[in-house]
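Observations on chain architecture
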Amino acid sequence: MSIFINETTYYSEADIDAIADTPLEFLRQLNGLCIIDIQGHDVNRTRVVTTLIHGNEPSGFIAVHQWLRKKTKPATNMRIIICNIEAAQLPPEFSHRYLQAGQDLNRYFSMGKSNVAIVERAQQIKQAVLAVKPEAVVDLHNTSGLSPAFGVAIDDSEQALDLISLFTNKVILTGLRVGAIMEQNFSAPTVTIECGGAGQLQSHQLAYAGLTKFANEVSIFDRHANQVDIHRHPCRVELLPNVSVAFGHNHLPTADITLRADAEQLNNQLTPEGEFIGWYEGKEKLPLTAKNEQGVEQFDTMFSIQNGYIFTKQSLQIFMATTDPEIATNDCLFYATLEKN
Ligand SMILES: [Zn+2]
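Residues numbered from 1 in each chain as written. Predicted model: local features only at pLDDT ≥ 70, side-chain atom pairs only at ≥ 80, totals over all residues.

Remarks on the overall build of the protein
- Counting its secondary structure elements, the protein contains eight helices and 18 strands.
- Taken over the C-alpha atoms alone, the protein extends approximately 65 × 50 × 35 Å along its principal axes.
- Buried residues in the protein amount to 45% of all 341 residues.
- Sequence separation of at least 24 residues holds for 74% of the intrachain contacts in the protein that already meet a minimum separation of 6. (Helix = DSSP H or I, 4+ residues; strand = E, 2+ residues; numbered from the N terminus. Buried ≥ 20, exposed ≤ 12 C-beta atoms within 10 Å, placed from the backbone. Contact = placed C-beta atoms within 7 Å.)

Okay, here's the thing in structure tokens:
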């Protein structure tokens, strides 16, 4: 059985020369929780980057590797935390989201002390962030499906929006609480950046460009964040328990619900009212749930079903739609914000 190695390894600028040429070789050099501290011009401030909480989301790690090898002295101290090396190292590398099936590290950050390994790892990461009293925290991820980049924050403070705007202008403000690192109180603006699809080259480029600005700019909080495009109050669209989903070009008899094979395309732009998204031929009510931040069911305001076809009932911004049945089943199908028509 794969386990978390309960050991933290610290690296500093003195170790950079030993870093392998490629991100894959770099990953193979690391063990357990890895913390990389790079001294900045201003040693009184520290910025934190966390990445690889999900082992199959490599953009942040690739960007960190590239940035470290440039050996640029950052504007402030940088603490880089590589969170889930163990999952990323499971062969084939960068293909496993979790170390153990269904155990999503980014759902364990709000738990109290425990000797369960995954909770301990989340606590170690939290402590490593708090220990440096950061001025900003950025957590780098990828989406499972094809997607443009976007940032996620729990509040619309100027500073949070400024941080996101280093990477992208698209912002989701969420009141949903799932136990993610972004929800923790680090007494500093804390945001998640979804750099785009894990397999998209442009996601790695975006992560590197944003990380470079985050590390190298003297002031990151003067960016006129009002330029950003904000989507508020996402609902989490999930299957009800024991309901199966498939993705196809027509209704598949092998699953309860079939969604469009190109469902990931819905991440790209607003989905208008009346858009077809899938098939359901059951006699019961559609076995999906779409709860808002207050836990109130929004399903009937978002979707309708006519003659076995599922349509949107309002204009929606869908994000994190994936056609990976495992993630669609164990996490959620997608998130959606209601948009004015
Ligand atoms: Zn992720």
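Points about the sheet that holds strand E6 (residues 150-153)
- The strand order across the open sheet built from nine strands is E1-E2-E4-E3-E5-E8-E6-E7-E9, with neighbouring strands paired in mixed fashion. In this open sheet, the two edge strands, each paired with only one partner strand, are strand E1 (8-12) and strand E9 (229-232). On average, each strand axis in the sheet is inclined to that of its neighbour by 25°, with strand direction left out of account.
- The pairing of E6 with strand E7 (residues 170-173) spans three bridges and is classified as parallel. Within the sheet, the bridge partner assigned to Gly-151 lies in E7 and is Val-171. (Pairing = 2+ DSSP bridges. Axes fitted to C-alpha atoms, helices over the stretch in contact; angles between N-to-C directions.)

Topic: the environment of Asn-330
- With respect to the element layout, Asn-330 can be found in helix H8 (residues 325-330).
- Its 15 C-beta neighbours within 10 Å are what place Asn-330 among the partly exposed residues.
- As a C-alpha pair, Asn-330 and Thr-312 span 18 residues in sequence and 23 Å in three-dimensional space.

Notes on the domain arrangement of the protein
- Considered domain by domain, the protein is made up of domain 1 (8-231) and domain 2 (234-338).
- For domain 1 and domain 2, the distance between their C-alpha centroids amounts to 29 Å.
- Of the residues lining the interface, 13 residues belong to domain 1; the matching set on domain 2 comes to 16 residues.
- The residue inventory of the side of domain 1 that touches domain 2, partitioned by class, reads five nonpolar, eight polar and no charged. (Domains from an automatic or database assignment. Nonpolar A, V, L, I, M, F, W, Y, C, P; charged D, E, K, R; others polar.)

Re the nonpolar core
- If you look at the biggest cluster of nonpolar residues, it comprises 89 residues, and the most contacted ones within it are Val-138, Ile-164, Val-191, Leu-211 and Phe-334.
- With sequence-adjacent residues up to four places away left out, Phe-334 is seen in contact with Val-237, Ile-318, Phe-319, Met-320 and Ala-321. (Core = buried A, V, L, I, M, F, W, Y, C linked by C-beta atoms within 7 Å.)

Description of the sheet that holds strand E10 (residues 235-239)
- Taken in spatial order, the four strands of this open sheet run E14-E10-E18-E17, and their pairing is antiparallel. Across the chains shown, the open sheet's two edge strands, defined by having one partner strand only, are strand E14 (288-291) and strand E17 (316-319). Put simply, the sheet's adjacent strands are angled 25° from each other on average, direction ignored.
- By the bridge criterion, three bridges tie E10 to strand E18 (residues 334-338) in an arrangement that is antiparallel. Across the sheet, Val-237 pairs through a bridge with Phe-334, a residue of E18.

What about helix H5 (residues 158-165)?
- Within H5, six of the eight residues are buried, leaving the element largely enclosed by the surrounding structure.
- For H5, the full list of buried residues reads Ala-160, Leu-161, Asp-162, Leu-163, Ile-164 and Ser-165.
- On its buried side, H5 packs onto strand E5 (136-143), E6, E7 and strand E8 (190-197).

Quick notes on the environment of Ala-14
- Relative to the helices and strands, Ala-14 resides in the loop between E1 and helix H1 (23-29).
- Of the residues examined, Ala-14 has 7 C-beta atoms within 10 Å and is grouped as exposed.
- The spatial distance from the C-alpha of Ala-14 to the C-alpha of Ile-38 is 9.1 Å, given a sequence separation of 24 residues.

Brief notes about helix H4 (residues 117-130)
- Spanning 14 residues, H4 covers 20 Å between terminal C-alpha atoms, matching the ideal 20 Å at 1.5 Å per step.
- Of all the positions in H4, only Ile-118, Arg-121, Ala-122, Ile-125 and Val-129 are classed as buried. Along the axis of H4, the buried positions cluster into a sector of 100°, meaning they face one direction only.
- In the core, the buried residues of H4 are packed alongside strand E2 (33-38), strand E3 (42-51), strand E4 (76-82) and E5. (Expected span 1.5 Å × (residues − 1). Arc of directions from axis to C-beta.)

Observations regarding the environment of Leu-30
- The topology assignment puts Leu-30 in the loop between H1 and E2.
- Residue Leu-30 is classed as buried on the basis of its C-beta count, with 20 C-beta atoms lying within 10 Å.
- For Leu-30 and Ile-85, which are 55 residues apart along the polypeptide, the C-alpha to C-alpha distance reads 7.1 Å.
- Residues in contact with Leu-30, not counting those within four places in the same chain, are Ile-82 and Ile-85.

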